[in-house]
Structures are given as structure tokens and as C-alpha cells.
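Architecture and fold: a report
What follows is the residue order along each chain.
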Amino acid sequence: MDASDEYVPPTSNQLQQPLPIIKTRFPVARIKKIMQADDDIGKVAQATPLVVAKALELFMISLVQESCNQARMRNAKRVSPAHLKQAVLSTEQFDFLAETVGKYPDAIAVSGDKPEPGTGPGRGRRRKVVE
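Attention shifts here to the overall build of the protein chain. Looking only at helices and strands, the protein chain has 5 helices and 0 strands in total. Scanning the protein chain from its N terminus toward the C terminus, one meets helices and strands in the order α-α-α-α-α. Counting the 131 residues in the protein chain, one finds 17% classified as buried. Looking at the protein chain alone, contacts between residues at least 24 apart form 38% of all its contacts between residues at least 6 apart. A total accessible area of about 11,500 Å² is found for the protein chain, and carbon and sulfur atoms account for 55% of it.

This is the structure we're talking about:
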């Protein structure tokens, strides 16, 4: 593990910066239904689903940001499941997800060579075989 791969906790200045405005919100009514579906949970206070929704939003922001950092370190243009897996495995905060992401393939090392057409995961044209 290189020094550049280590997790660096945010500074106090970074923590005080406002988070970007996100237009999507998690549905509070659905969160309340999920919570009440458990037999062990009786009535749910009105503020509880709001707090859970906000906590879920903050968790998703940190997970997506770490996944984006992993993609940038590998010079990728898109975040893939492999980047998400690497973010989970490299950040102690996400250790509880390690078993869940274990089924996804690891990130492919970046190389200067381009794969031959038709050999990658896309739908490339097939070449005619000359006999």
C-alpha cells in the first residue's frame, strides 16, 4: 500500500464547508414503512425517519465521494462497481460492507495498451476468420 493510497481524514476546514446541494432526497414515508415493518419496533416518532433519511444521505455522499476518488486515482472516466469495491475495502468506515462487495470483480489495472476490438466487455465487431 503506497502512501498515496492511504485514507486521509478531512481537515477541520473541509468539515466546515457546506455540502453541495442535492436535489434528490430519500423518501421519509418509505423509510417509516420499512422501520414499522419490523415487529420489534412499535410506534416511530415523527422526527426519526427524517433523521434516518439525513444520515442515509450523508452516508451515500461519503461513499460516492470515496468511489469517485478511487476512479480518479485510476484515471477512469466512470465510476464502476470495482471502484466502489475498492472504496469500501480501503476505507475503515465502510468495513461493514466488505462482505457485500466481495462478489464484485476487482478493478483492472490501468495500462497503456488498448485492448483489441471485440475482446473487451463491449459489443465490438467480430472479425472474419480467413482460412
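Once you've had a look at it, read on.
Before going further, it helps to examine the pattern of salt bridges. Scanning the entire structure with this criterion turns up 1 salt bridge. Linking lysine 54 and glutamate 57 is a salt bridge whose minimum nitrogen-to-oxygen distance equals 3.7 Å. Residue lysine 54 and its partner glutamate 57 are both found in helix H3 (residues 47–73); the two are separated by 3 residues, about one turn of the helix.

Within the largest apolar cluster, 5 residues are counted, these being Leu63, Val88, Phe94, Leu97 and Val101. In this structure, leucine 97 is in contact with Phe59 and Val88, ignoring residues within four places of it in sequence.

Procedures and definitions
- Residues numbered from 1 in each chain as written.
- Predicted model: local features only at pLDDT ≥ 70, side-chain atom pairs only at ≥ 80, totals over all residues.
- Heavy atoms only, no water.
- Helix = DSSP H or I, 4+ residues; strand = E, 2+ residues; numbered from the N terminus.
- Buried < 20%, exposed > 50% of the residue type's maximum accessible area, 1.4 Å probe, protein only.
- Contact = heavy atoms within 4.5 Å.
- Areas by Shrake-Rupley, 256 points an atom, 1.4 Å probe, with all protein chains shown as cover.
- Salt bridge = Lys/Arg side-chain N within 4 Å of Asp/Glu carboxyl O.
- Core = buried A, V, L, I, M, F, W, Y, C linked by side-chain atoms within 4.5 Å.

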